[in-house]
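Architecture at a glance
Residue-level listing of the chains:
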Amino acid sequence: MEHLIIPGNYSSALNLHDTQIGIKTVKDFFQSLLVRHLNLLRVSAPLFVDPASGMNDNLNGYERPVSFGILEQNDYRAEVVQSLAKWKRYALKEYEFSLGEGLYTDMNAIRRDETTDNIHSIFVDQWDWEKIIDKKDRNLETLKATVRDVYKALRKTEMYMAIQYDYIEEILPREIFFITTQELADMFPDNTPKEREYFITKAKGAVCIMQIGDKLENGEPHDGRAPDYDDWALNADILVYYPVLDIALELSSMGIRVDKEALLSQLEKAGCPERAELPFQKAILNEELPYTIGGGIGQSRICMFFLRKAHIGEVQCSIWPEEIRKEAEAHGIQLL
């Protein structure tokens with residue numbers, strides 16, 4: 001039970017039927033705001049990709065993607081996507097999007113190496129989005145402005161849900177607080193990265209933590225980040241304080257994508273310079289892809305947050321260890 005948090009006196013305000021209505025309400029409203037704020041068009045996206053393309057997200061580098069053999073192609077193996085971070089940039093070019101335009105899609109993934117708990121599942125569902133920017137806009141000002149647009153959509157969604165459901169109160173602050181990973185380490189030098197995130201998020205309510213992936217002055221990175229999509233100097237996570245579980249809850253990860261210089265530098269730092277020979281990475285080095293900013297927003301995470309649920313399994317269907325399912329049920333947490 002070490003990965004299960006049981007809130008004191010927890011009781012879901014919605015039964016299973018009404019939870020499904022609530023999930024649709026959250027998704028429909030937030031999605032419409034996101035499209036307007038970021039100028040996005042919904043597109044179709046792959047569930048699996050060719051591993052030889054270099055287009056799958058290798059996350060922190062140790063997670064094993066789910067793969068399967070294709071009978072018609074002599075059992076050639078395809079990989080289920082772990083995210084669409086790289087595919088989206090390629091799609092913007094192929095679909096002939098223009099400067100200032102973007103796309104979004106529903107991304108479903110299986111992360112079989114995930115350690116499950118109240119907010120982590122082996123099933124991942126998120127809105128993946130990507131938008132074309134000018135080279136001169138590859139800077140912190142662009143990143144912060146985009147973070148504020150996404151956060152504005154989150155705040156408006158909470159306001160809307162508070163009107164729809166009497167038990168929901170507005171807890172998000174008016175403004176999001178920006179801080180870099182190094183500033184956070186300087187503020188809490190004796191704590192782990194996760195402890196730092198908790199302290200700052202509980203103090204501020206909503207935080208944008210920037211510059212994730214590179215090593216800090218203490219020689220350790222704040223957190224892992226794949227070296228070939230986000231520019232580590234120009235990325236960010238949005239975290240909010242979640243009182244139901246007394247945790248810092250990450251709702252979104254985003255970043256301005258690597259250019260040629262950032263890609264070569266980060267591949268070297270990550271110890272995988274050979275990835276520069278893969279087709280997607282070559283396209284960046286040959287400057288064949290547009291400059292972009294993009295990210296992912298957890299669908300189940302925001303449903304959990306806005307419906308004030310104690311477990312992500314209350315808003316998505318997945319597989320959980322039997323002892324966790326029994327313990328959750330004993331405390332009034334109904335896993336789908």
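These remarks concern the structure in this document.

Rules used in this analysis
- Residues numbered from 1 in each chain as written.
- Predicted model: local features only at pLDDT ≥ 70, side-chain atom pairs only at ≥ 80, totals over all residues.
- Heavy atoms only, no water.
- Pairing = 2+ DSSP bridges.
- Helix = DSSP H or I, 4+ residues; strand = E, 2+ residues; numbered from the N terminus.
- Axes fitted to C-alpha atoms, helices over the stretch in contact; angles between N-to-C directions.
- Left-handed = near helix turned anticlockwise from the far one by under 90°.
- Contact = heavy atoms within 4.5 Å.
- Nonpolar A, V, L, I, M, F, W, Y, C, P; charged D, E, K, R; others polar.
- Core = buried A, V, L, I, M, F, W, Y, C linked by side-chain atoms within 4.5 Å.
- Buried < 20%, exposed > 50% of the residue type's maximum accessible area, 1.4 Å probe, protein only.
- Salt bridge = Lys/Arg side-chain N within 4 Å of Asp/Glu carboxyl O.
- Phe/Tyr/Trp six-rings, centres within 6.5 Å; stacked < 30°, edge-to-face > 60°.

If you walk across this open sheet you meet the 8 strands as 1-5-6-11-10-9-8-7, and the pairing is mixed. The sheet terminates laterally at strand 1 (40-42) and strand 7 (177-180), the two strands that pair on one side only. Going across the sheet, the axis of each strand differs from the next one's by a mean of 25°, ignoring polarity. Of the strand pairs in this sheet, strand 6 (residues 123-132) and strand 11 (residues 292-298) are connected by 7 bridges, and their pairing is antiparallel. If you follow Ile-132 over to strand 11, its bridge partner there is Thr-292.

Our focus in this paragraph is the sheet that holds strand 2 (residues 48-49). Whether parallel or antiparallel, the strands of a sheet pair through hydrogen bonds between backbone atoms. Read across the sheet, 3 strands follow the order 2-4-3 without closing on themselves; strand pairing throughout is antiparallel. Every interior strand has two partners, whereas the edge strands, strand 2 and strand 3 (67-70), have only one. Taken together, the 2 bridges between strand 2 and strand 4 (residues 76-80) define a ladder with antiparallel strand orientation. Paired with Val-49 across the two strands is Glu-79, which belongs to strand 4.

Pairs of packed helices are described in terms of their axes, by the angle between the two and the distance that separates them. At their nearest, the axes of helix 1 (residues 16-38) and helix 3 (residues 140-164) sit 9 Å apart, and the two run at 145° to each other. In terms of crossing hand, the pair formed by helix 1 and helix 3 is right-handed. Of helix 3, the residues touching helix 1 (which contributes Gly-22, Thr-25, Val-26, Phe-29, Phe-30, Leu-33, Leu-34, His-37 and Leu-38) are Thr-146, Asp-149, Val-150, Lys-152, Ala-153, Leu-154, Lys-156, Thr-157, Tyr-160 and Met-161. Of the residues in the contact of helix 1 with helix 3, the class split is 11 nonpolar, 5 polar and 3 charged.

The next subject is the nonpolar core. Counting 56 residues, the largest nonpolar core has Val-147, Leu-154 and Ile-302 as the members making the most contacts within it. Taken together, the elements giving at least two residues each to this core come down to helix 1, strand 6, helix 3, strand 8 (206-210), strand 9 (230-242), strand 10 (247-257), strand 11 and helix 8 (299-306). Non-local contacts of Ile-302, meaning those with residues more than four positions away in its chain, are made with Val-26, Phe-30, Trp-127, Leu-154, Leu-251 and Ile-297. Counting 14 residues, the second largest nonpolar core, distinct from the first, contains Val-49, Val-81, Met-107 and Val-124.

All right, on to the pattern of salt bridges then. Evaluated as defined, the whole model comprises 19 salt bridges. The shortest N-O distance in the salt bridge between Arg-64 and Asp-113 comes to 2.8 Å. Remark: Asp-113 occurs in the loop between strand 5 (102-110) and strand 6 and Arg-64 occurs in the loop between strand 2 and strand 3; sequence separation between them is 49 residues. Asp-113 gets classed as partly exposed once you look at its relative accessible area, which sits at 28%. The salt bridge involving Asp-230 is made with Arg-257; its shortest N-O contact spans 2.4 Å. Of the two residues, Asp-230 sits in strand 9 while Arg-257 sits in strand 10, which places them 27 residues apart along the sequence. Classification of Asp-230 by relative accessible area gives buried; the value is 1%. The structure contains a network of salt bridges with shared partners spanning Lys-88, Asp-128, Glu-130, Arg-225, Asp-230, Asp-237 and Arg-257.

Attention now moves to the packing of aromatic side chains. With the rule as written, the count across this model stands at 9 aromatic pairs. Pairing Phe-30 with Trp-127 gives two aromatic rings, centres 5.4 Å apart and planes at 40°, and the pair type is tilted. Of the two residues, Phe-30 sits in helix 1 while Trp-127 sits in strand 6, which places them 97 residues apart along the sequence. In this structure Phe-30 comes out as buried when scored by relative accessible area, which is 0%.

What follows is about the pairing of strand 4. Two strands pair when backbone bridges link them, and strand 3 and strand 4 are joined in this way by 4 bridges, in the antiparallel orientation. When the bridges of strand 4 are listed, Ile-70 appears paired with Tyr-76. With antiparallel pairing between neighbouring strands as the criterion, strand 3 and strand 4 make up a hairpin whose turn holds 5 residues, including Asn-74 at a positive phi of roughly 55°.

Further remarks concern the pairing of strand 9. The element strand 9 is largely enclosed, with a buried count of 12 among its 13 residues. In this sheet, strand 9 lies alongside strand 8 in antiparallel orientation, the contact comprising 5 bridges. Pairing of Ile-209 across the sheet is with Asp-237, part of strand 9. Where strand 9 and strand 10 come together, 9 bridges link them in antiparallel fashion. In the strand pairing of strand 10, Tyr-242 is matched with Ile-247. Hairpin connection, strand 9 to strand 10: the antiparallel pair is bridged by 4 residues, and Asp-246 has positive phi, about 55°.

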